[in-house]
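Remarks on the overall topology
Spelled out from the first residue to the last, the chains are:
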Amino acid sequence: MTRVLLTGGTGYIASHTAVALSERGHEVVLLDNFSNSERDVPERLRRLTGKAFPLIEADIRDVPTVTAALSAHPVDAVIHFAALKAVGESEADPLLYYDMNIIGTIRLLQAMQESGVRRIVFSSSATVYGQPDASPIQEDAPTRVQNIYGRTKLVMEDLIRDLARTGKLLAAANLRYFNPVGAHPSAMIGETPRGVPNNLMPYMTQVATGERPHLSVFGDDYDTPDGTGVRDYLHVMDLAEAHALALEHICAHEVSVTVNLGTGIGISVLDLVHAFERATGRKIPLKMSPRRPGDVASNYANPEAAARIFGWKVQRDVDDMCRDAWRWQAARAGINDV
Ligand code: NAD
Ligand code: UDP
């Protein structure tokens, strides 16, 4: 059993990870400033897991408050989710992203050092690979920063690797997520994007509820089997379980790793649309549109390292991802035919 603090603990991926950790017998403490999450998430987690996780409302940049929280709730490790994550916003306001993500991570690491917490799991992203030479992408592929968000992820990874290399951290996992989608099958927690969603799955679920008239397909002339962009979508509960396995591995062996978390399966925009229509019985009106600037044609993981190092294997397929994403969105929209 590990006691673990989740920064950004009420956010999309962290809330699912809290469930997975709790199911594996770990003790969870949540820390969030609610800048991008709903206030009722802790109560939803309590109903879902039967456990009331301690919650600290704080900003990760506030070292005294985070240090006090780590003293009130001593933990063995931190899983660091808290960050800003919108590529467009990062290009519009670079300093905001440097401050929240990079300075925020430095402040968190300072609070951890002051409190003697020396193990961390970090939410990185496949965005660090930028335009890859080829897919599947292995962890030793060159990193190519394409935007400010991606730069902050790479810097945060480097900070953590440096502290591990110099013995300041005993154990660290940089987890490079591909495209997390879906929700807990209970439909009690899920993703709540603010404003117009940037990502394909949340946008599509809002088309399915009738909140948006159609889905724009950004480019149908890529060098891919059907011309639309190919990505590696993975179910958020598979991703959540990977955090538990990574945490257990680095704590047991006191090692540092950098691994991809994806299924290894490339799925095109049209593949995902068709899977969604199949899983939900809803038709998604499409509008072919120009390519989105900065998009890569194809990007999917080689997930063998996560399987080899900590035994992670995905359990859920694209139909599960679509069904669970839809259950969550339909529940929020008050639609009862699922
Ligand atoms: P999210 O916005 O749902 O969760 C982030 C949480 O952090 C939110 O609850 C927010 O309120 C909180 N937060 C933000 N800044 C904070 C601060 N300064 N102090 C305290 N709390 C703060 O996002 P998510 O999709 O769950 O992403 C979690 C992590 O995974 C992020 O680091 C993100 O960059 C990374 N990631 C996400 C994806 C994705 O597609 N969702 C892909 C790759 C990597
Ligand atoms: N996409 C799309 N319409 C949308 C949103 C996304 O066609 O409204 C495409 C996008 O061009 C890409 C894929 O869907 O090929 C996944 O995009 P998303 O933003 O979800 O993930 P990312 O590009 O960050 O991997």
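Cut-offs and rules
Residues numbered from 1 in each chain as written. Chains lettered and ligands numbered in written order. Predicted model: local features only at pLDDT ≥ 70, side-chain atom pairs only at ≥ 80, totals over all residues. Heavy atoms only, no water. Near = heavy atom within 4 Å. Polar contact = N/O pair within 3.5 Å; in protein donor to acceptor, adjacent residues only side chain to side chain. Helix = DSSP H or I, 4+ residues; strand = E, 2+ residues; numbered from the N terminus. Nonpolar A, V, L, I, M, F, W, Y, C, P; charged D, E, K, R; others polar. Salt bridge = Lys/Arg side-chain N within 4 Å of Asp/Glu carboxyl O. Buried < 20%, exposed > 50% of the residue type's maximum accessible area, 1.4 Å probe, protein only. Phe/Tyr/Trp six-rings, centres within 6.5 Å; stacked < 30°, edge-to-face > 60°. Pairing = 2+ DSSP bridges. Axes fitted to C-alpha atoms, helices over the stretch in contact; angles between N-to-C directions.

1. Brief notes about the site of ligand 2
In the neighbourhood of ligand 2, 14 residues make up the surrounding shell, with Ser216, Phe218, Arg231, Arg292 and Asp295 lying closest. Phenylalanine 218 is positioned such that a nitrogen or oxygen atom in its backbone is 2.9 Å from an oxygen atom of ligand 2. One of the side-chain N or O atoms of arginine 231 is found 2.9 Å from an oxygen atom in ligand 2. Ranked by the residues each element gives to the shell around ligand 2, the list is headed by strand β8 (residues 215-218), at 4 residues. Of the residues belonging to the shell around ligand 2, the class tally is 6 nonpolar, 5 polar and 3 charged.

2. Remarks on the pattern of salt bridges
On inspection of all chains with the given rule, the structure shows 23 salt bridges. Between glutamate 157 and arginine 176 there is a salt bridge, with the nearest N and O atoms lying 2.8 Å from each other. Linking glutamate 157 in helix α6 (residues 148-165) with arginine 176 in strand β6 (residues 171-177), this pair joins segments that are 19 residues apart in sequence. The residues glutamate 157 and arginine 176 share a single accessibility class, namely buried.

3. Describing the packing of aromatic side chains
For the structure on display, the rule yields 2 aromatic pairs. The interplanar angle of 75° and the centroid separation of 6.1 Å between the aromatic rings of phenylalanine 276 and tryptophan 326 together place this pair among those described as edge-to-face. Separated by 50 residues along the polypeptide, phenylalanine 276 in helix α9 (residues 269-280) and tryptophan 326 in helix α11 (residues 318-333) bring together distant segments of the chain. Assigned by exposure class, phenylalanine 276 and tryptophan 326 land together as buried.

4. Details of the sheet that holds strand β4 (residues 77-80)
Note on sheets: strands pair through backbone hydrogen bonds, and any given pair is parallel or antiparallel. On the basis of which strands lie adjacent, the open sheet formed by 7 strands has the order β3-β2-β1-β4-β5-β6-β11 and parallel pairing. The open sheet has two edge strands, β3 (55-57) and β11 (256-261), and neither has a second partner. Taking each pair of neighbouring strands and ignoring which way they run, the sheet shows an average axis angle of 20°. Pairing analysis gives 6 bridges linking β6 to β11, with the strands arranged parallel.

5. Structural notes on the sheet that holds strand β14 (residues 298-299)
Strands sit in the order β12-β9-β14 across an open sheet of 3 strands; the sheet is mixed. Only two strands of the sheet have a single partner each, and these edge strands are β12 (267-268) and β14. Alignment of strand β9 (residues 230-231) against β12, held across 2 bridges, turns out to be antiparallel. By the bridge assignment for β12, arginine 231 is matched with isoleucine 267.

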